[in-house]
Structures are given as C-alpha cells and as structure tokens.
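Below, each chain spelled out in residue letters.
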Amino acid sequence: MSDTAIGSHAIPSPAPIPVREIAPWLVFGLLMLLALYFVGAEEGATSIIPGMYVHEWVHDSRHLLGFPCH
Amino acid sequence: MTVAIFWVSPATDMENRMMVRTLLIRGMLVGFLAGILVFSFAKVFGEPQVDHAIAFESAMDEAKAKADLERGIHDVEEPELVSRKLQASYGLLTGVMVYSTAFGGLFALVFSYANGRMKSTDPRVVSVLLAITGIIAVYVVPSIKYPANPPSVGNPDTIGMRTELYFIMMLVSLLGMIAATMLQGRLRQQYNAWTSTYLAGACYILIVFTTGELLPAVNEVPSNFPADLLWNFRIDSLGMQIIMWTTLGLGFGAFTEYANRNRFGYRNGANIQLNAH
Ligand SMILES: [Zn+2]
C-alpha cells in the first residue's frame with residue numbers, strides 16, 4: 001500500500017514488484033477466470049458452447065464448489 | 001513483450017517480470033497439488049452426499065411421473081449426457097483440478113502484488129494472510145448468503161437469477177475485502193496492527209452485511225429434503241474450500257521461502273538483490 005511504511009522498516013524487506021511488470025501477466029489471470037467460468041457457470045445461466053455436455057461433465061464439482069446449479 | 005521494450009528496460013524490470021512468471025507457475029503448481037487433495041476429500045465425503053441427493057431427486061421425479069400418468073400426462077425423461085459414474089469420477093476430477101489450478105494462478109498474481117507491499121517481509125506470512133482473506137471473500141461470505149446446495153434443491157427456472165445473485169455477492173465481497181485491505185494499510189500508519197485490522201474488518205463486514213440485506217433471499221429447499229443431508233453437503237463443500245486455501249496459503253509460502261533461501265542464501269530475500277542493481 002504505502003512505500004513509506006516499507007521504507008521506514010528496519011528489517012530488509014522484499015522490494016515490491018512494480019505494477020507494470022505484473023500487468024502483462026494479468027492476461028493469464030483472465031484465462032484463469034475463464035476456466036473458473038467453465039467450471040462454475042457454463043451451460044447454466046449462460047452458454048458459450050451449445051449443448052449441455054460441459055455442464056454435465058463438471059456437474060458434481062459445480063455443486064460441491066458452491067456454484068448455483070439445479 | 002516487444003524487442004523495443006526489451007532494449008529500453010533495465011535488467012531489473014526483466015528480472016521482475018520473470019519473477020512474476022516464476023510465481024505464476026508456482027501458484028498453479030501448488031493449486032494443482034491442492035486440487036488432488038480437494039478431489040480426494042470430495043470423492044470420499046462429498047460424492048456420497050451428491051448421490052443421496054440425486055436418489056432423493058429420482059424418487060421425487062418418479063412420484064411426480066406417477067401422479068402425472070394418473071392424470072393422463074406423460075413426462076419425458078431427460079436424456080443422460082454423461083453417466084453418473086463419469087460425473088462422479090473424471091467429471092469431478094476435471095472440475096476440481098481446473099478450479100484449484102486457476103485459483104492457484106490467481107493467488108500467485110495477487111501475491112506478486114502484495115509481497116513487499118505489506119508490513120510482513122516473510123513470504124509465508126503474506127501467503128497465509130492472502131489465503132485467509134481469500135477464503136473469507138471468495139467462499140465463506142458469499143456462501144453465508146447463498147449456501148452451496150446439493151442436486152435437486154434448486155429450481156431450474158431460477159438458475160439465471162441465482163447465478164447472478166451469487167456472483168454479485170462474491171464480487172461485492174471481493175471488492176469489499178480489497179477496500180478493507182487498502183484501508184488497513186492506511187490505518188496502519190497511525191494505529192497498531194490490532195486496531196487497524198479491527199477497523200478495516202468492521203468496514204468489510206458492514207459492506208457485505210448491507211449488501212446481503214439488500215439482495216433477495218433464495219430458499220428453494222424442498223420441504224421434505226433431509227436436513228442432515230443438506231448440512232453434510234454444505235460442511236463437505238466448506239471442507240473442500242478449507243483444504244484448497246490451506247494448501248495454497250501454507251504451500252505457496254513455504255515453496256517461496258524455500259526458493260528464496262536457495263537462490264539468495266538468506267531468508268525472505270525475494271527481490272532485494274534484484275532491485276539492488
Ligand atoms: Zn446440478
């Protein structure tokens with residue numbers, strides 16, 4: 001949060017990784033979110049792939065992971 | 001990443017970027033390992049509850065079909081796309097592994113931002129704190145409002161609304177947690193750790209409580225659904241989350257500490273040498 005707080009620390013602290021170096025990797029974050037969407041909501045409330053196969057395949061995990069289903 | 005950026009970037013930027021890559025791979029790896037544990041638990045404890053709930057559902061469907069037949073209506077049975085056996089084994093495995101690995105990756109990205117920006121300089125502490133706030137924001141709080149339900153509890157006609165509400169609750173909870181964490185950092189400049197955490201925590205609770213009160217309740221549990229089955233299912237669902245987040249929090253932190261020690265020869269040296277160029 002605040003760089004001043006870190007600067008005043010007596011113990012050597014790991015320098016924060018600049019946001020601009022993290023930003024390119026956020027693409028992977030979006031991929032993760034897409035993966036979560038397929039487990040949690042695909043062919044339920046909304047659908048990208050037609051049919052019910054994805055929904056049926058991950059069905060038990062969808063219920064157990066807390067996502068709304070049937 | 002283009003060649004031009006490569007040439008103007010100082011070496012430390014490149015190394016920082018590679019550090020994020022390392023963390024991301026590590027997070028997905030720990031998430032994958034967590035997934036194996038979560039799957040084992042779900043297979044042994046969760047799956048029997050799903051089976052019981054489906055047995056209840058079938059019994060209800062049969063009773064309904066029989067009643068309909070007496071009134072001259074023929075119910076059409078839905079075709080089974082994926083057999084129960086596959087759903088309960090490879091299907092469950094796929095869902096859990098994808099979920100855990102994805103959360104491992106997201107966890108690593110949040111860690112790469114948080115490490116070095118928190119009071120604690122120990123990656124193990126940062127990792128555990130992230131896991132605790134993560135499970136509260138992503139699972140515990142949204143589930144208090146909209147708990148996990150076994151098959152046959154939800155009404156298929158309301159799936160759109162239920163999904164929307166669940167994700168709204170999760171999003172508000174997550175944003176509330178981020179806001180509270182930022183607030184805690186600010187308060188930390190004036191107050192001690194206890195006071196600032198109490199105040200920030202109170203703000204988070206206020207946000208999610210208000211949201212929870214504003215959003216409509218969903219209760220579609222059939223009146224004759226076994227209460228112990230519902231309870232067991234929800235406890236197993238919570239158990240899976242605890243296993244996943246505990247593994248992420250402890251595993252990722254330990255892995256990072258170990259890697260730092262090997263790489264820099266001393267503890268908690270994540271980026272000190274990288275930035276000393
Ligand atoms: Zn279902």
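Per an unreviewed UniProt entry, chain A is named Cobalt transporter subunit (CbtB), and its organism is Komagataeibacter europaeus.

Colleague: What is the right way to read the overall build of chain B from this model?
Modeller: Helix and strand counts for chain B come out as seven helices and zero strands. Along chain B, helices and strands appear, N-terminal first, in the series α-α-α-α-α-α-α. At 23 Å, chain B has a C-alpha radius of gyration far larger than the 19 Å of a compact globule built from 277 residues. With respect to the three principal axes, the spread of C-alpha positions in chain B is 85 × 40 × 35 Å. In the form shown here, chain B has an accessible surface area of approximately 14,800 Å², with 67% of it arising from carbon and sulfur atoms.

Colleague: Hey, could you run me through the interface of chain A and chain B in this one?
Modeller: Buried accessible area, meaning the area lost when the parts come together, often serves as the stated size of an interface. Taken together, the contact pairs 47 residues of chain A with 69 residues of chain B. Where chain A abuts chain B, roughly 5,200 Å² becomes buried across the two surfaces, and 69% of that area is made up of carbon and sulfur atoms. There are three salt bridges connecting chain A and chain B. Across the pair B:R84 and A:D60 runs a salt bridge whose closest N-O atoms are separated by 3.0 Å. The tally of links between chain A and chain B comes to 14 residue pairs in polar contact (both at pLDDT 80 or more).

Colleague: How do you make sense of the coordination of the zinc ion when you look at a structure like this?
Modeller: Residue and element names in this part refer to chain A. The coordination sphere of the zinc ion, as far as protein atoms go, consists of H59 (NE2), H63 (NE2), C69 (SG) and H70 (ND1), spread over 1.9 to 2.4 Å. Coordination geometry of the zinc ion: the four donor atoms subtend angles of 95 to 129° at the metal centre, consistent with an arrangement described as tetrahedral. All donor residues of the zinc ion come from one chain, and their arrangement in sequence is H-x3-H-x5-C-H. With H59 and H63 both in helix 5 (residues 59-64), this residue pair falls four residues apart, about one helical turn. With respect to class, H59 is no different from H63; both count as buried.

Colleague: So what exactly am I meant to see when it comes to the confidence of the model for chain B here?
Modeller: Detailed reading of predicted coordinates is not advised where the pLDDT is low. Residue and element names in this part refer to chain B. This prediction gives chain B a mean pLDDT of 90; 91% of its residues lie at or above 70. Per-element mean pLDDT across chain B ranges from 37 in helix 1 (residues 3-8) up to 98 in helix 4 (residues 123-145). Ignoring residues within four places in sequence, the model shows residues 1-11, a span with pLDDT below 50, making four contacts including any to other chains. Interface confidence for the predicted complex, given as ipTM, is 0.87, next to a pTM of 0.88.

Colleague: Help me understand the packing of aromatic side chains, please; the structure alone is not making it clear to me.
Modeller: Here the distance between the centres and the angle between the planes together describe a pair of aromatic rings. For the structure on display, the rule yields 14 aromatic pairs over all chains. Ring centres of A:Y53 and A:W57 lie 6.3 Å apart, and the angle between their planes is 15°; this geometry places the pair in the stacked category. One end of the pair, A:Y53, and the other, A:W57, are both in helix 4 (residues 53-57), four residues apart, so they sit about a helical turn from each other. Ring geometry for B:F111 against B:F252: centres 4.8 Å apart, planes inclined by 65°, an arrangement best described as edge-to-face. In this pair, B:F111 is assigned in helix 3 (residues 84-114) and B:F252 in helix 7 (residues 227-264), connecting sequence segments 141 residues apart. There is no split in this pair, since B:F111 and B:F252 are both buried. Members of the aromatic cluster, joined through ring pairs, are A:F67, B:Y99, B:F103, B:Y166, B:F167 and B:W245. Of note, B:R26 hangs over the ring of B:F255, and the distance from its end group to the ring centre comes to 5.0 Å.

Colleague: Please clarify how a nonpolar patch on the surface should be interpreted in this entry.
Modeller: Residue and element names in this part refer to chain A. Taken together, the side chains of V27, F28, L31, L34, I48 and I49 make up a nonpolar region of the molecular surface, amounting to roughly 540 Å² of accessible area. Structurally, I49 is set in the loop between helix 3 (26-40) and helix 4. Residue class for I49 comes out partly exposed when judged on its relative accessible area of 38%.

Colleague: Teacher, can you tell me more about the UniProt feature "transmembrane region" (unreviewed entry) in chain A here?
Modeller: Within this structure's numbering, the places UniProt gives as "transmembrane region" (unreviewed entry) are residues 22-40 of chain A. Measuring from the first to the last C-alpha atom of residues 22-40 of chain A gives 26 Å, for a span that is 84% helix and 0% strand.

Colleague: Got a minute to help me understand the packing of helix 4 of chain B against helix 5 (residues 159-187) of chain B in this structure?
Modeller: What describes two packed helices is the angle between their axes and the distance between those same axes. Residues and elements named next belong to chain B. The N-to-C vectors of helix 4 and helix 5 enclose an angle of 140°; their axes lie 9 Å apart at closest approach. Once helix 4 is placed against helix 5, the crossing between them reads as right-handed. In this structure, helix 4 uses T133, I136, A137, V138, V141, P142, S143 and K145 to contact helix 5, whose residues at the interface are Y166, M169, M170, S173, L174 and M177. Partitioning the contact of helix 4 with helix 5 into residue classes produces ten nonpolar, three polar and one charged.

Colleague: Help me out: how do you make sense of the nonpolar core in this one?
Modeller: Looking at soluble globular proteins, one finds that nonpolar side chains tend to be buried together. Grouped together as the largest cluster of nonpolar side chains are 58 residues, with contacts concentrated most on B:F103, B:M240, B:M244 and B:W245. Secondary structure elements with two or more residues in this core: helix 3 of chain A together with helix 2 (11-70), helix 3, helix 4, helix 5, helix 6 (193-214) and helix 7 of chain B. The element best represented in this core is helix 2 of chain B, accounting for twelve residues. Once you skip the residues sitting within four places of it in the chain, B:M244 turns out to touch B:A34, B:V38, B:Y99, B:S100 and B:F103. Among the nonpolar cores identified, the runner-up in size contains six residues, and B:F56, B:V153, B:F225 and B:L230 belong to it.

About the cut-offs
- Residues numbered from 1 in each chain as written.
- Chains lettered and ligands numbered in written order.
- Predicted model: local features only at pLDDT ≥ 70, side-chain atom pairs only at ≥ 80, totals over all residues.
- Heavy atoms only, no water.
- Helix = DSSP H or I, 4+ residues; strand = E, 2+ residues; numbered from the N terminus.
- Rg over C-alpha atoms; globule rule 2.2 N^0.38 Å.
- Areas by Shrake-Rupley, 256 points an atom, 1.4 Å probe, with all protein chains shown as cover.
- Contact = heavy atoms within 4.5 Å.
- Buried area = accessible area lost by both parts, 1.4 Å probe.
- Salt bridge = Lys/Arg side-chain N within 4 Å of Asp/Glu carboxyl O.
- Polar contact = N/O pair within 3.5 Å; in protein donor to acceptor, adjacent residues only side chain to side chain.
- Donors = N, O, S within 2.8 Å, 3.2 Å for Na, K, Ca; no water.
- Tetrahedral: all angles 85-135°; square planar, octahedral: opposite > 155°, others 65-115°.
- Buried < 20%, exposed > 50% of the residue type's maximum accessible area, 1.4 Å probe, protein only.
- pLDDT = per-residue confidence, 0-100.
- Phe/Tyr/Trp six-rings, centres within 6.5 Å; stacked < 30°, edge-to-face > 60°.
- Lys NZ or Arg CZ within 6 Å of the ring centre and 35° of its normal.
- Patch = residues over 30% accessible without salt bridge, like charges linked within 9 Å, V, L, I, M, F, W, Y side chains within 5 Å.
- UniProt positions renumbered as here; feature names shortened; annotations may be inferred.
- Axes fitted to C-alpha atoms, helices over the stretch in contact; angles between N-to-C directions.
- Left-handed = near helix turned anticlockwise from the far one by under 90°.
- Nonpolar A, V, L, I, M, F, W, Y, C, P; charged D, E, K, R; others polar.
- Core = buried A, V, L, I, M, F, W, Y, C linked by side-chain atoms within 4.5 Å.

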